[in-house]
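Structural features, examined
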Amino acid sequence: MKSRYTAAKNVFVDSVDIEDYIELESSVTAYQQLEHSIEKPLKMILLFGRPGTGKSILLNRIAQKLKHNKEIHYFDTPTISEKEFFYKLFKVLTKKDLPANTEVNFSALVDFCKTLRGKREIIILLDEAQMYGPEMMEKIRLLSDSRAVKFVVSLHKTDDEDLIAKEHFQSRIWEVIELKNATPQDQAEYIHKKLLKKNLFEIANSIKEKNMKLIHQFSNGNYRECNKLMFTIFEICQYYDENEPSKINYAQLPQKIIEMSALKLGYIHV
Ligand SMILES: Nc1ncnc2c1ncn2[C@@H]1O[C@H](COP(=O)(O)OP(=O)(O)O)[C@@H](O)[C@H]1O
Ligand SMILES: [Mg+2]
């Protein structure tokens, strides 16, 4: 028989699926800030936060919500070359395909953007922008100077380098929206809502307040780490459920299983 924990485990597979978006206090605040910033006559907006704080899902959410009344485009992880990037941008701006074997003439693209000023307003959501080099960022800035194209630049905050301090990110007036790690309340709501969305009521109810506290402690309020931890917790639950059901308390998630998961993920050591 299939364990009831299999479904619970799969709820926490890390993905950015807009159907799974949950309105949490912090994400609603960030969403409203972003929406408000997009309305302002800004050229660039910075969305800033550590990996796993929900930047990509927020950008996808805003793109989905605004697409019916704005020209808004989400550009995902830039694995593409500069050439391909401008190719994609050309298509969005001109609404045309570039003929094969031709390269985008950058200064012509800038001139074209200038002609759009006051006529169209295009919003480009650039995810993982720390991967664009300084020359690319400079070009992006030049395009935003046309005021026909507005960029929302999403950047990972890291410990070892302060990216916004870098010159190419500093030299324009930016509005900065920062996503922080989840509060214990937001994270508990996240876990419950994710499970309830899949009708896993019993399992959701078995995660008590002290469990949530411990989960938050180990994952540090990071949604990606939280996903990993929850996945591992339910993987262990599934094992017991299938092999040693006497060892599991279906009414309350044992703290021990959370600790075992943290151990497995290397958050703690024996
Ligand atoms: N408000 C939210 N609703 C649903 N899932 C969320 C929310 N915020 C974060 N997540 C989930 O947490 C994980 C990390 O989010 P992601 O947007 O990929 O972070 P980042 O881009 O900052 O690294 C993803 O699995 C994402 O679906
Ligand atoms: Mg991301």
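Placed above this text is the structure.
First, a word on what this report is: a plain description of the structure on this page. (Residues numbered from 1 in each chain as written. Chains lettered and ligands numbered in written order. Predicted model: local features only at pLDDT ≥ 70, side-chain atom pairs only at ≥ 80, totals over all residues.)

Some points on the overall build of the protein
Scanning the protein for helices and strands turns up 12 helices and 5 strands. Each of the three principal axes of the protein carries a C-alpha extent, and together these read 70 × 35 × 35 Å. The buried share of the protein, taken over its 270 residues, is 31%. Once local pairs closer than 6 in sequence are excluded, the contacts in the protein between residues at least 24 apart make up 81%. (Helix = DSSP H or I, 4+ residues; strand = E, 2+ residues; numbered from the N terminus. Buried ≥ 20, exposed ≤ 12 C-beta atoms within 10 Å, placed from the backbone. Contact = placed C-beta atoms within 7 Å.)

Remarks on the packing of helix H1 (residues 4-11) against helix H11 (residues 223-243)
Relative to each other, H1 and H11 sit at 170°, their axes nearing to 8 Å. Looking at the two axes, H1 sits roughly antiparallel to H11. Between H1 and H11, the residues in contact are Arg4, Tyr5, Thr6, Ala8 and Lys9 and Phe231, Phe234, Glu235, Cys237, Gln238 and Asp241, respectively. Class assignment of the residues belonging to the contact of H1 with H11 gives a composition of 5 nonpolar, 2 polar and 4 charged. (Axes fitted to C-alpha atoms, helices over the stretch in contact; angles between N-to-C directions. Parallel < 35°, antiparallel > 145°, perpendicular 65-115°, else oblique. Nonpolar A, V, L, I, M, F, W, Y, C, P; charged D, E, K, R; others polar.)

Here's the deal with the site of ligand 1
Ligand 1 sits among 19 residues. The nearest are Ile22, Gly54, Lys55, Ser56 and Tyr223. Elements with a minimum of two residues in the shell around ligand 1: helix H3 (55-66) and H11. Its residues assigned to classes, the shell around ligand 1 comprises 7 nonpolar, 8 polar and 4 charged. Counting only domains with at least three residues in the shell around ligand 1, you end up with domain 1 (4-16 + 183-264) and domain 2 (25-179). (Near = placed C-beta within 6 Å. Domains from an automatic or database assignment.)

Focus on the packing of helix H2 (residues 25-39) against H3
Running from N to C, H2 and H3 cross one another at 55°; their axes reach a closest spacing of 11 Å. Classed by the angle they form, the pair H2 and H3 counts as oblique. The interaxial crossing formed by H2 with H3 has right-handed handedness. Residues Ser27, Ala30, Tyr31, Leu34 and Glu35 of H2 form the contact with H3, whose participating residues are Leu58, Arg61 and Ile62. In terms of residue class, the contact of H2 with H3 is made up of 5 nonpolar, 1 polar and 2 charged. (Left-handed = near helix turned anticlockwise from the far one by under 90°.)

Notes on the sheet that holds strand S4 (residues 149-156)
Judged by pairing direction, the sheet is parallel, and its 5 strands sit side by side in the order S2-S3-S4-S1-S5 without closing on themselves. The sheet is open, and its two borders are formed by strand S2 (71-75) and strand S5 (174-179), each paired with just one other strand. Each strand axis lies, on average, 15° off the axis of its neighbour in the sheet, ignoring direction. As paired strands, S2 and strand S3 (residues 122-126) are joined by 5 bridges and run parallel to one another. Across the sheet, the residue bridging to histidine 73 is isoleucine 124, located in S3. Helix H6 (residues 134-144) contacts strand S1 (44-49) and S4 of the sheet and is inclined by roughly 150° relative to S4. (Pairing = 2+ DSSP bridges.)

Some thoughts on helix H8 (residues 184-197)
Taking 1.5 Å per residue as the helical rise, H8 with its 14 residues ought to reach 20 Å, and the 20 Å between its terminal C-alpha atoms agrees with that figure. Against H1, H2, helix H9 (201-206), helix H10 (209-219) and H11 lie the buried residues of H8. Positive phi shows up at asparagine 199, right after H8, with a value of about 60°. (Expected span 1.5 Å × (residues − 1).)

Observations regarding the nonpolar core
In summary, soluble globular proteins display a tendency toward joint burial of nonpolar side chains. Core analysis: the largest hydrophobic core is formed by 34 residues, its most contacted members being Leu46, Leu47, Leu126, Phe151, Val152 and Val153. Once you skip the residues sitting within four places of it in the chain, phenylalanine 151 turns out to touch Met44, Ile124, Leu126, Ile140 and Ser144. Of all hydrophobic cores here, the second largest spans 26 residues; its members include Phe12, Ile215, Cys226 and Ile257. (Core = buried A, V, L, I, M, F, W, Y, C linked by C-beta atoms within 7 Å.)

Examining the environment of arginine 147
Following the sequence through the fold, arginine 147 ends up in the loop between H6 and S4. A tally of 16 C-beta atoms within 10 Å means that arginine 147 is categorised as partly exposed. Residues arginine 147 and lysine 70, 77 residues apart in the sequence, show an inter-C-alpha distance of 15 Å. Those residues in contact with arginine 147, other than ones at most four positions away along the chain, are Lys43 and Arg117.

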